[in-house]
Protein chains: 2
Amino acid sequence: MDTRPVRLGVIGLGPRAETLLATLRNFSQEECCVTAVCDIALQRVEKILGIFAANKLPLPRTFADHRKLLADSEVDAVLIPTSWNSHLAIAADAMKAGKYAGIEVGGASSLDELWQLVRNAESFGGACMMLENCCYGRNELLVTNMVRQGLFGEIVHCSCGYEHDIAWELVDKNGCMCERGFQNLKRCGDLYPTHGLGPIAKILRINRGNRFLAVSSFASKARGFRRYAEKVGSPVTEFAMGDVVTSVIKCANGETITLTHGISLPRPYSRDCRVQGTKGIWLEDAKGIFIEGISETKTEIDVAGNPYYTHVWDPVEKFYEKYDHPLWQEFRNNPTGGHGGMDTLSLRAFLDAARNRTPPPIDVYDCAAWMAVTALSESSVAAGGLPMPFPDFTDGKWIYETRGKISKWDLNA
Amino acid sequence: MDTRPVRLGVIGLGPRAETLLATLRNFSQEECCVTAVCDIALQRVEKILGIFAANKLPLPRTFADHRKLLADSEVDAVLIPTSWNSHLAIAADAMKAGKYAGIEVGGASSLDELWQLVRNAESFGGACMMLENCCYGRNELLVTNMVRQGLFGEIVHCSCGYEHDIAWELVDKNGCMCERGFQNLKRCGDLYPTHGLGPIAKILRINRGNRFLAVSSFASKARGFRRYAEKVGSPVTEFAMGDVVTSVIKCANGETITLTHGISLPRPYSRDCRVQGTKGIWLEDAKGIFIEGISETKTEIDVAGNPYYTHVWDPVEKFYEKYDHPLWQEFRNNPTGGHGGMDTLSLRAFLDAARNRTPPPIDVYDCAAWMAVTALSESSVAAGGLPMPFPDFTDGKWIYETRGKISKWDLNA
């Protein structure tokens, strides 16, 4: 195993870059060093350099043009927290330059931008990984581990989603405050599928013996953003995005997945996780797991004197001690970094792949399949819920099961 | 208000009739008396008479042909707990005879059997009510009451379902033990939509200013029944029914409803209720309600020093004292009868309508719209998730909002 620090470039220096850099400051100098940063806006570059200086860190080289950063031989890998409209094209450029590219979460606007990503990953020796931190969430990994050990039996149905009231982040008295606001102003579909879908795709071994076949999507009326926009006096109030977008995905191995997107209504946060098999179920919103033979089933008597059975949830925490994923058994006593430690684990996984030039645990085919949901769900909503087929970005390679574990970060084995 | 006891006939004397009669034994002689019973199987008639005798109740007249019972002038209203394949035709006969018919829950096999029901209800002076006990569940009525008072704002999205492990009831070493087993052996769709969908339809005022427009349905692979059948040595193992059937319904007023059917996998019971509006949400599985301005929203700080907000569930019970539905405020200190008291309330609502010959709170158009989901979901599953449009069983009358409250049992006002 290579032990050099990975030399990182960061392209796009907005708020997400600040969070990523805050997490990276907890990493040792042996793990990585940020040697280059890039943004088209000079004031963002200056702000980031200020953060480096304040933390007494060596200053990185600075670029305005991402292609010049990508040509820098002192950079092994790049993180690309740029806008949703640019990060896939920049990632494609990164792979053309032979770099490892860490792509932020989000969705695609067209299928073709995903094909470009795939073809460049296949042609130039680079690789990309989606930094889907939720794939490294404690409960997601716990359940992955339990599924791999057979505790849930054969998986038949899953749910996931992103339900988070962020209207306040997207609109204020000046109108839409950020690109994501504009995206929700103009588009209607599941624009943010991967926090929920990534972990579920890993559990279902999508692209490793299974694949997404088709998605049908449905949007509720759009009221939440309008209500918030009117409250704060925004000049734009008519958002295209339905408050709740529901999608159902069918998989080649017969599983169904229900996917929900809702970011405009007041409610507690949820990623709506549900993993259900022939022997057990995890339901995030119930904070519970039921496993046949482990969890309690009570016998009760109805008014007519006949017996019936009541299955009882176990709290998820009951399973931590015995079934925490190896990554979390190591990490659980000191989970540092953004989003409860998930950012740390996903970045470490990326650095490990970049350092050793091994296939990343969330690869270009995963990126393409997961992000395709966005473009396809928009099409399906527009067509009244018509099922939209997924392209096979693997050109048939998905039919093979995973063989062997690449590294301890591997989510597929 | 008429105060005569309602003279009831019971057609179909299987286990559900026993539960209904057990609940009716708690009713006073001023409310109702069972004057006639009917079954094609003599041993079921004898068993029921034995129950009457054991409880020292006057013996009802007995019939083998339901048409003869319906011609009996000593019968005001009938309950029809017969098989799914016969209860709608018998209900149509009951209305032709001018009786009030209480229909058990379930779904339709064809749209035409629902049209027959509707046309007979419109033509002969009888009426039917679906005895959907869950419409009178405490939490369902609590939330209905809160929605009517505006606490949830404008409703935009709902979920509901029937998730209940009943494989043990449907199959044993002899194969399918009951009609429901055969239904699940041969059919794939949402065969049991109304426990979840009924209360949601009432909240959304379906057929009273709103209506179901279309449904798309998706079935997971079928493993649960097979696994159970193999375990108990059943000669039939290949069930058509997917373990989890997911449907999405679109409504005329722009709401979406996600509906789930799952009866073959081990898991805790749920009706999957979710009611979400611009100001609040109820989520059954979280045992929680969040209402803007009532429930807590915490301000927290992320690793980069930026603020974010955490909405916190209130337990449902917090709202009982102030917002219990009037029916439950009256009932809550002594909820007797089957299914936690819901059977009592739905039967009282039916008896009240039959006694006063007023429109029942769950009428023939509700029956038709709710039960149509079954036939349409089968079609949609068969067509790969294609959206299937709902007929307008009201012939356009749905566009008018409810005006005034018919009785205290009314769920629409």
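Residues numbered from 1 in each chain as written. Chains lettered and ligands numbered in written order. Predicted model: local features only at pLDDT ≥ 70, side-chain atom pairs only at ≥ 80, totals over all residues. Heavy atoms only, no water.

## A word on the overall build of chain A
Secondary structure summary: chain A contains 14 helices and 19 strands in total. For chain A, buried positions account for 62% of its 413 residues. Within chain A, counting contacts between residues at least 6 apart in sequence, those at least 24 apart form 76% of the total. A total accessible area of about 15100 Å² is found for chain A, and carbon and sulfur atoms account for 52% of it. (Helix = DSSP H or I, 4+ residues; strand = E, 2+ residues; numbered from the N terminus. Buried < 20%, exposed > 50% of the residue type's maximum accessible area, 1.4 Å probe, protein only. Contact = heavy atoms within 4.5 Å. Areas by Shrake-Rupley, 256 points an atom, 1.4 Å probe, with all protein chains shown as cover.)

## Some thoughts on the sheet that holds strand E11 (residues 245–251) of chain B
All names here are of chain B. Spatially, the nine strands line up as an open sheet ordered E18-E15-E14-E13-E7-E12-E11-E10-E19, and their pairing is mixed. Looking at which strands have only one partner, the edges of the open sheet turn out to be strand E18 (314–315) and strand E19 (388–389). Strand contacts of helix H14 (residues 364–382): strand E10 (212–219), E11, strand E12 (256–262) and E19, with the helix running at about 45° to E10, the strand carrying the most contacts. (Pairing = 2+ DSSP bridges. Axes fitted to C-alpha atoms, helices over the stretch in contact; angles between N-to-C directions.)

## Quick notes on the interface of chain A and chain B
With 57 residues of chain A in contact, the opposing surface of chain B contributes 56 residues. Between chain A and chain B, a total of about 5000 Å² is buried, with carbon and sulfur atoms accounting for 61% of that surface. On the surface where chain A and chain B come into contact, there are ten salt bridges. The partner of Arg227 of chain B in a salt bridge is Glu292 of chain A, with the nearest N and O atoms 2.6 Å apart. (Buried area = accessible area lost by both parts, 1.4 Å probe. Salt bridge = Lys/Arg side-chain N within 4 Å of Asp/Glu carboxyl O.)

## Observations concerning the relation of the copies chain A and chain B
Least-squares fitting of chain A to chain B yields an RMSD of 0.0 Å, with the transformation described by 0.0 Å of translation along the axis and a rotation of 180°. Such a combination of turn and shift is consistent with a two-fold rotation axis. Nearest to the rotation axis, the C-alpha of Ala286 of chain A is located 2.5 Å from it, this being the minimum over chain A. Take the interface residues of chain A: 98% of them recur as interface residues in chain B, which is what a same-surface contact looks like. (Least-squares fit on C-alpha atoms with pLDDT ≥ 70 in both.)

## Description of the pairing of strand E10 (residues 212–219) of chain A
Residue and element names in this part refer to chain A. Most of E10 is tucked away, with seven of its eight residues classed as buried. Sheet topology places E10 next to strand E11 (residues 245–251); seven bridges connect them, and they run antiparallel. Pairing of Val215 across the sheet is with Ile249, part of E11. Summarising the sheet, E10 and strand E19 (residues 388–389) pair through two bridges and their orientation is antiparallel.

## Some words on the packing of helix H5 (residues 111–123) of chain B against H14 of chain B
Pairs of packed helices are described in terms of their axes, by the angle between the two and the distance that separates them. Residue and element names in this part refer to chain B. Running from N to C, H5 and H14 cross one another at 175°; their axes reach a closest spacing of 9 Å. Overall, the two elements H5 and H14 adopt an arrangement that is roughly antiparallel. Packed against H5, whose contacting residues are Leu111, Leu114, Leu117, Val118, Ala121 and Glu122, the element H14 presents Val364, Tyr365, Cys367, Ala368, Met371, Ala372, Ala375 and Leu376 at the interface. By residue class, the composition of the contact of H5 with H14 is 13 nonpolar, no polar and one charged. (Parallel < 35°, antiparallel > 145°, perpendicular 65-115°, else oblique. Nonpolar A, V, L, I, M, F, W, Y, C, P; charged D, E, K, R; others polar.)

## Here we look at unusual backbone geometry
All names here are of chain A. Even without being a glycine, Arg357 presents a positive backbone phi close to 50°. Tracing the chain through its elements places Arg357 in the loop between helix H13 (342–356) and helix H14 (364–382). By relative accessible area, Arg357 is classed as partly exposed at 46%.

## Brief notes about the packing of aromatic side chains
Tallied over the entire structure, the rule returns 20 aromatic pairs over all chains. Their ring planes at 50° and their centres at 5.3 Å tell us that Phe212 of chain B and Phe390 of chain B sit as a pair that is tilted. Taken together, the residues span a long stretch of sequence, with Phe212 of chain B in strand E10 and Phe390 of chain B in the segment after E19 at a distance of 178 residues. Looking at Phe212 of chain B, the relative accessible area reads 2%, which means it is buried. Judged by its relative accessible area of 4%, Phe390 of chain B is buried. Through successive ring pairs, a cluster of aromatic residues spans Trp84, Tyr162, Tyr192 and Tyr269 of chain A. Above the ring of Phe27 of chain A, the side-chain terminus of Arg348 of chain A is found at 4.6 Å from the ring centroid. (Phe/Tyr/Trp six-rings, centres within 6.5 Å; stacked < 30°, edge-to-face > 60°. Lys NZ or Arg CZ within 6 Å of the ring centre and 35° of its normal.)

## Regarding the environment of Gly150 of chain A
All names here are of chain A. Position of Gly150 relative to the elements: it lies in the loop between helix H6 (138–148) and strand E7 (155–163). Note on Gly150: relative accessible area 29%, which makes it partly exposed. Between the alpha carbons of Gly150 and Gly277 there is a distance of 9.5 Å; along the sequence they are 127 residues apart.

## Concerning the pairing of strand E14 (residues 280–283) of chain A
All names here are of chain A. Alternating positions in E14 separate into two faces, Gly280 and Trp282 on one and Ile281 and Leu283 on the other, with burial throughout. Where E14 and strand E15 (residues 288–291) come together, four bridges link them in antiparallel fashion. The residue of E15 that forms the bridge with Leu283 is Gly288. Hairpin connection from E14 to E15: four residues lie between these consecutive antiparallel strands, with Lys287 at a positive phi of about 50°.

## Re helix H4 (residues 87–96) of chain A
Judged by how many residues are buried, H4 of chain A sits mostly within the fold: seven of ten residues are covered. Where H4 of chain A ends, the next residue or the one after it, Gly98 of chain A, has phi of about 80°, a positive value.

## Structural notes on the domain arrangement of chain A
Residues and elements named next belong to chain A. Each assigned domain of chain A is listed here: domain 1 (6–133) and domain 2 (135–333 + 363–399). The straight-line distance from the C-alpha centre of domain 1 to that of domain 2 is 27 Å. With 26 residues of domain 1 at the contact, the number on the domain 2 side is 29 residues. Secondary structure elements with two or more residues in the side of domain 1 that touches domain 2: H4, helix H5 (111–123) and strand E6 (127–130). For the side of domain 1 that touches domain 2, the leading source of residues is H5, giving eight residues. (Domains from an automatic or database assignment.)

## Regarding the pattern of salt bridges
All chains considered together, the criterion is met by 58 salt bridges over all chains. Across the pair Glu154 of chain B and Lys221 of chain A runs a salt bridge whose closest N-O atoms are separated by 2.9 Å. Here the residue Glu154 of chain B occupies a position in the loop between helix H6 (138–148) and strand E7 (155–163), and Lys221 of chain A occupies one in the loop between E10 and helix H10 (224–232), the pair thus bridging two chains. Given the relative accessible area of 33%, Glu154 of chain B is considered partly exposed. Judged by relative accessible area, Lys221 of chain A falls into the buried class, the value being 11%.

## Considerations on the confidence of the model for chain A
Per-chain confidence: chain A averages 95 in pLDDT, with 99% of residues scoring 70 or above. For this predicted complex, the interface confidence comes out at an ipTM of 0.95, alongside a pTM of 0.96. (pLDDT = per-residue confidence, 0-100.)

## Digging into the side chain of Glu132 of chain A
All names here are of chain A. By the element assignment, Glu132 lies in the loop between E6 and H6. This buried residue, Glu132, is left without a salt bridge; Arg271 holds the nearest opposite charge, at 6.7 Å. At a separation of 2.8 Å, a polar atom in the side chain of Glu132 contacts the side chain of His195. (Lys, Arg positive; Asp, Glu negative; His and termini not counted. Polar contact = N/O pair within 3.5 Å; in protein donor to acceptor, adjacent residues only side chain to side chain.)

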